[in-house]
Amino acid sequence: MKMKIILTLFAIVSFGLGVHGEPTSCETCHTRLKGQLSQPVAQWKTSIHHQMGVNCANCHGGNPAVKNMKAAHSRKKGWIGKPGPIQIVKLCGTCHADEPFMKKYNPNARTDQLKNYLTSNHGINIMKKKDGRAATCVSCHGAHDILKALSPRSHVYPAKVVDTCGKCHGNKKLMMEFGISGNEVADYKTSVHANALYKKHDLSAPTCNDCHGNHGAVPPGASSVEKVCGTCHVMNQKLFDESSHKTWDEMGFKGCMECHGNHAIQPPTDTMLSTDKGICLNCHEPGEPAFKTMKAMHKALTGLKARLGKTREMVDRAAEKGMLMDDAMLTLQDAKTSYIQSRTAVHRFNTGYVEHVAKTALLDLDKVNRMAKNSLEEVAKRRSLFYGFGGLLLILLILLGLKIRSMEK
Amino acid sequence: MLKKITAWVEDRMDLSTVRHLMLEKTVPKHRYTFFHLFGGAALFLFVIQIVTGILLLLYYKPTAGEAYKSVKFIITQVPFGWLIRSIHSWSANLMILAIFLHMFAKYFLKAYRKPRELTWISGFILLVLAMGFGFTGYLLPWNELAYFATRVGTESVGATPLIGHWLLQVFRGGEDVTGATLNRFFAIHVTVLPLVIIGILSIHLLLVQAQGMSKPIDVEEKGKIPFFPNFMLRDLMMWLGALIILLGLATFLPWELGRPVDTFASAPAGIKPEWYFLSMYQILKWMPAALAGIPGELIGIALINIGGALVLLVPFLDRKASREERSPWFTIFGILALVFLVAITVYAKLY
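This is a predicted model, so every value here is computed, not measured. (Residues numbered from 1 in each chain as written. Chains lettered and ligands numbered in written order. Predicted model: local features only at pLDDT ≥ 70, side-chain atom pairs only at ≥ 80, totals over all residues. Heavy atoms only, no water.)

Asker: Is there a simple way to think about the overall build of chain A in this case?
Answerer: Assigned secondary structure in chain A consists of 23 helices and 0 strands. Relative to a compact globule of 409 residues, whose C-alpha radius of gyration would be 22 Å, chain A shows 33 Å and is clearly more extended. Considered along the principal axes of its C-alpha atoms, chain A spans approximately 115 × 80 × 40 Å. Per-residue burial over chain A gives 34% buried out of 409 residues. Considering only intrachain contacts with a sequence separation of at least 6, the fraction spanning at least 24 residues in chain A is 58%. Of the roughly 24,400 Å² of accessible surface on chain A, a fraction of 60% belongs to carbon and sulfur atoms. (Helix = DSSP H or I, 4+ residues; strand = E, 2+ residues; numbered from the N terminus. Rg over C-alpha atoms; globule rule 2.2 N^0.38 Å. Buried < 20%, exposed > 50% of the residue type's maximum accessible area, 1.4 Å probe, protein only. Contact = heavy atoms within 4.5 Å. Areas by Shrake-Rupley, 256 points an atom, 1.4 Å probe, with all protein chains shown as cover.)

Asker: Explanation requested: the overall build of chain B in the structure shown.
Answerer: When you go through chain B residue by residue, the secondary structure sums to 15 helices and 4 strands. Against the globule reference of 20 Å for 351 residues, chain B gives a C-alpha radius of gyration of 22 Å, in line with a compact fold. C-alpha extents for chain B along the principal axes are approximately 65 × 55 × 40 Å. Looking at chain B as a whole, 44% of its 351 residues qualify as buried. When contacts within chain B are restricted to residue pairs at least 6 apart in sequence, those whose partners lie at least 24 apart make up 77%. About 18,800 Å² of surface is accessible on chain B, with carbon and sulfur atoms providing 72% of the total.

Asker: Just to check I follow, could you spell out the confidence of the model for chain A for this structure?
Answerer: Close reading of the predicted structure is inappropriate where its pLDDT is low. All names here are of chain A. Of the residues in chain A, 93% reach a pLDDT of 70 or more, and the chain-wide mean stands at 88. Across chain A, element-level confidence peaks in helix α23 (residues 351-408) with a mean pLDDT of 95 and bottoms out in helix α1 (residues 2-17) with 51. Considering only residues more than four positions removed or in separate chains, one finds that residues 16-20, a stretch of pLDDT under 50, has 9 contacts. (pLDDT = per-residue confidence, 0-100.)

Asker: What is the right way to look at the interface of chain A and chain B in this model?
Answerer: Accessible area lost when the parts come together is the quantity often used to give the size of an interface. The partner chain B presents 24 residues to the 23 residues of chain A that form the contact. Taking both partners together, chain A and chain B bury about 2,100 Å²; carbon and sulfur atoms supply 75% of that area. Area buried by chain A at its contact with chain B is led by Leu324(A), Arg382(A) and Phe386(A), which between them contribute 28% of it. Where chain A touches chain B, the interface holds 3 salt bridges. Linking Glu408(A) and Lys29(B) is a salt bridge whose minimum nitrogen-to-oxygen distance equals 3.5 Å. Taken together, the connections running from chain A to chain B amount to 2 residue pairs in polar contact (both at pLDDT 80 or more). The set of elements that each furnish at least two residues to the side of chain A that touches chain B consists of α22 (326-345) and α23 of chain A. Broken down by element, the side of chain A that touches chain B gets its largest block of residues, 18 residues, from α23(A). For the side of chain A that touches chain B, the residue count by class is 12 nonpolar, 3 polar and 8 charged. (Buried area = accessible area lost by both parts, 1.4 Å probe. Salt bridge = Lys/Arg side-chain N within 4 Å of Asp/Glu carboxyl O. Polar contact = N/O pair within 3.5 Å; in protein donor to acceptor, adjacent residues only side chain to side chain. Nonpolar A, V, L, I, M, F, W, Y, C, P; charged D, E, K, R; others polar.)

Asker: I would appreciate a short explanation of the packing of helix α8 (residues 164-172) of chain B against helix α9 (residues 179-211) of chain B in the present structure.
Answerer: The axes of two packed helices give the description: the angle between them and the distance between them. All names here are of chain B. At a closest axis distance of 7 Å, the pairing of α8 and α9 adopts a crossing angle of 80°. Considering their axes alone, α8 and α9 lie roughly perpendicular with respect to each other. From α8, Gln169, Val170, Phe171 and Arg172 reach across to α9, where they touch Ala180, Thr181, Arg184 and Phe185. Residues of the contact of α8 with α9, tallied by class, amount to 4 nonpolar, 2 polar and 2 charged. (Axes fitted to C-alpha atoms, helices over the stretch in contact; angles between N-to-C directions. Parallel < 35°, antiparallel > 145°, perpendicular 65-115°, else oblique.)

Asker: I keep staring at unusual backbone geometry and nothing clicks. Help me out?
Answerer: Leaving glycine aside, a negative phi is the common case for residues, and trans is the common case for peptide bonds. Residues and elements named next belong to chain B. The linkage connecting Lys114 with the following residue, Pro115, adopts the cis geometry, with an omega of 15°. Tracing the backbone through its elements, the reader meets Pro115 in the loop between α5 (81-108) and α6 (117-139). In this chain, Phe228 is followed by Pro229 through a cis amide linkage whose omega measures 10°. As for its position among the elements, Pro229 is in helix α10 (residues 227-252). Even without being a glycine, Leu162 presents a positive backbone phi close to 65°.

Asker: Hey, could you run me through the nonpolar core in this one?
Answerer: For soluble globular proteins, nonpolar side chains are generally found buried alongside one another. Residues Leu45(B), Tyr60(B), Ile87(B), Trp142(B), Leu182(B), Phe231(B) and Leu246(B) are the most contacted members of the largest nonpolar core, which totals 80 residues. Contributing elements (two or more residues each) for this core: α23 of chain A together with α3 (37-57), α4 (67-76), α5, α6, α7 (144-157), α9 and α10 of chain B. Ranked by residues supplied to this core, first place goes to α5(B) with 14 residues. Beyond its immediate sequence surroundings of up to four residues, Leu246(B) is in contact with Leu45(B), Ile48(B), Ile87(B), Trp90(B), Ser91(B) and Leu94(B). (Core = buried A, V, L, I, M, F, W, Y, C linked by side-chain atoms within 4.5 Å.)

Asker: Help me understand the pattern of salt bridges, please; the structure alone is not making it clear to me.
Answerer: Note that side chains of opposite charge can pair when their charged atoms are close. Under the criterion given, the structure shown has 24 salt bridges over all chains. With a closest N to O distance of 3.6 Å, Asp270(A) and Arg343(A) form a salt bridge. One end of the pair, Asp270(A), is in the loop between α20 (257-260) and α21 (289-320); the other, Arg343(A), is in helix α22, and 73 residues separate them in sequence. Arg172(B) is the salt-bridge partner of Glu155(B), the closest N and O atoms lying 3.9 Å from each other. Residue Glu155(B) is found in helix α7, and its partner Arg172(B) is found in helix α8; the two are separated by 17 residues along the sequence. Salt bridges sharing partners connect three or more residues here, namely Arg151(B), Glu155(B), Arg172(B) and Asp176(B).

Asker: What am I meant to see in the state of the cysteines here?
Answerer: All names here are of chain A. The full count for this structure, using the stated rule, is 0 disulfides over all chains. Cys211 forms no disulfide, and the closest cysteine sulfur to it belongs to Cys229, at a distance of 6.2 Å. On the basis of relative accessible area, Cys211 is assigned to the partly exposed category, the value being 33%. (Disulfide = S-S within 2.5 Å.)

Asker: Sorry, what's going on with helix α15 (residues 192-199) of chain A here?
Answerer: Note: α-helices contain 3.6 residues per turn, so residues at a spacing of three or four share the same orientation. Residue and element names in this part refer to chain A. Taken as a whole, α15 has its buried residues at His193, Ala194, Ala196 and Leu197. Looking down the long axis of α15, one finds its buried residues gathered within 160° of arc, a one-sided arrangement. Its buried side turned inward, α15 meets α12 (158-169) and α14 (184-188). The N-cap residue of α15 is Ser191: its side-chain oxygen and the backbone nitrogen of His193 are 3.3 Å apart. Directly beyond the C-terminal end of α15, a positive phi value near 55° is found at His201. (Arc of directions from axis to C-beta.)

Asker: What exactly am I supposed to notice about the environment of Lys367(A) here?
Answerer: Positionally, Lys367(A) belongs in helix α23. Put simply, Lys367(A) and Asn108(A) are 259 residues apart on the chain and 50 Å apart in space, counted from C-alpha to C-alpha.

Asker: I keep staring at a nonpolar patch on the surface and nothing clicks. Help me out?
Answerer: A cluster of nonpolar side chains, Phe389(A), Leu392(A), Leu394(A), Ile395(A), Leu396(A), Ile398(A), Leu399(A) and Leu402(A), forms an exposed patch at the surface whose accessible area comes to about 790 Å². Judged by relative accessible area, which is 58%, Leu392(A) ranks as exposed. (Patch = residues over 30% accessible without salt bridge, like charges linked within 9 Å, V, L, I, M, F, W, Y side chains within 5 Å.)

Next up, the structure:
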């Protein structure tokens, strides 16, 4: 408590010293220094703190108004040098957990980071177990080059989060000490989520913090896995909760993870329901009602997929032959959406429900099929007309040629 | 019966010119006679343009909100609408091709020489007008490609010194390509250009009839053939050939409608104008941003205009041909110009 009061007073006083006018002595001297000691100033100048007027002394203490090194680094003036892990957390929290203070900069600013952090494994390790190997604020956000999370140069920008976490969590040796495999980052990079993030540049694709939280970083417990996935996969979670598998949590199964895995999640395929490689076979024996459900759902989905492919091929063929297939394409898109919904419907593990959803797609496909068939018939009719009429014109052309020849002989 | 009708008409007007054309007009026969047929083919395709254009007018709606839908309606709902629209688009392209072939044929046969200078000049104006038809007609379906190509095409007009911005606004009917541009292009396409082209075409045809067909310098004449029916039948053969090609193209490669305009979307990659503008497009593309302080676009436009002016003035530049002497340098220049045009067009299309 005493320490907190001191740090708060120190932060308030040091803000008063300001950075808006002349450069502080910290900037002036450290810019001239070579190597490591000059880096903090260079990095700080690109940071959000520099933009907002937070200077070196606000975190490190000391007297930035004097040019003398000893006076500037005076312990009496609160100079603490390089803060330790616990100090870092407290220092950051001094401002970032102070709601009225933060709202002055951004009315929508979060101030629950410290509170969440203290509940996380990172926070517990640092603050309670005094284990400095765990992550503090600077481990993720950087010490001096701190930027807004949505700045593409920020260490916590969605596309960079995985590598930021990977600095520690990709270190197998270090992770082994905490009973973590250390394969998580490498696994994630093979996943459908990583594909969306890195290849499709979809910043809404989940990275580490979307499932594990960011400041309150704790691994999701068995009871929450499906809730975590359900934040994005809403329909899948709803259907799962309506299914016979809703009691999985009580049985100790880990929800979505049981079938899809966790970090190395691959795009789902219909094979996951096949009678030879189906994922259901992990728990269910052939002959059980669940096996029959799996088989029926697989048949419905693969049948729908095949029809979708065949119909698309017909539409493409008609379009290649110059027919306007815009309406057919739109309906085909609807059918594709229904097919995706049918695949989602399997999470209810009910054949009737899957077939019911698939029926919408089948009706759309019937419609598109008729449109494509009519168009292809129209193409054939047009070509027949051309062969007939064009042939007549060609005969006339030849006759004219012969006539000219005979006239001029 | 026919005689009676002829006599009735002849009582009221002099038909000697028509009779001369039908019975006495002859055409020199030589190994290049075939090259005289491209002009007739262009005329035939122009007539097709008028007929199909009138049919399209029955359904086409020239507003930004309706243009695309009306063309879609024509090609999907109107009986044979797909054929009429495709023929209109393909014959526009074939007509410009026929005019180019006609122009190069006449150039290499030196048919521009005295006394046919005016025929050449009117022919050149007809080529420019036909390209104007193509440019204004391209926008009318109001599809994505046409919209962005017109934006690029009209932008070059803005580079004209002093009056560039004013000219751009006149062309577009505002700062950007909008529904106002579509109205403007439609009006020009269906009223202004047809009136002007029919006037110039009449002069061109009148000159051809009055002066007859030229005989190339130093080419052995194998006698003469009557214009009617011998040459007319050859023309008819050419027209039939053009009609078969046109029908084949419309059937096997129907002209695409593309996607409707989305003015908020970014321009799709690889936007290029029609093939007959590709050479000019490529020249403008090759120009640096500025050369000796003069904007590159302006230099490009100046070069294109100088090239056009040289072609227009060929009859007056080729003094030797006007003295009925061979002018090999002009033939070489023509070959180089043809190779350059084809090469730059193919290059622009591919890259």
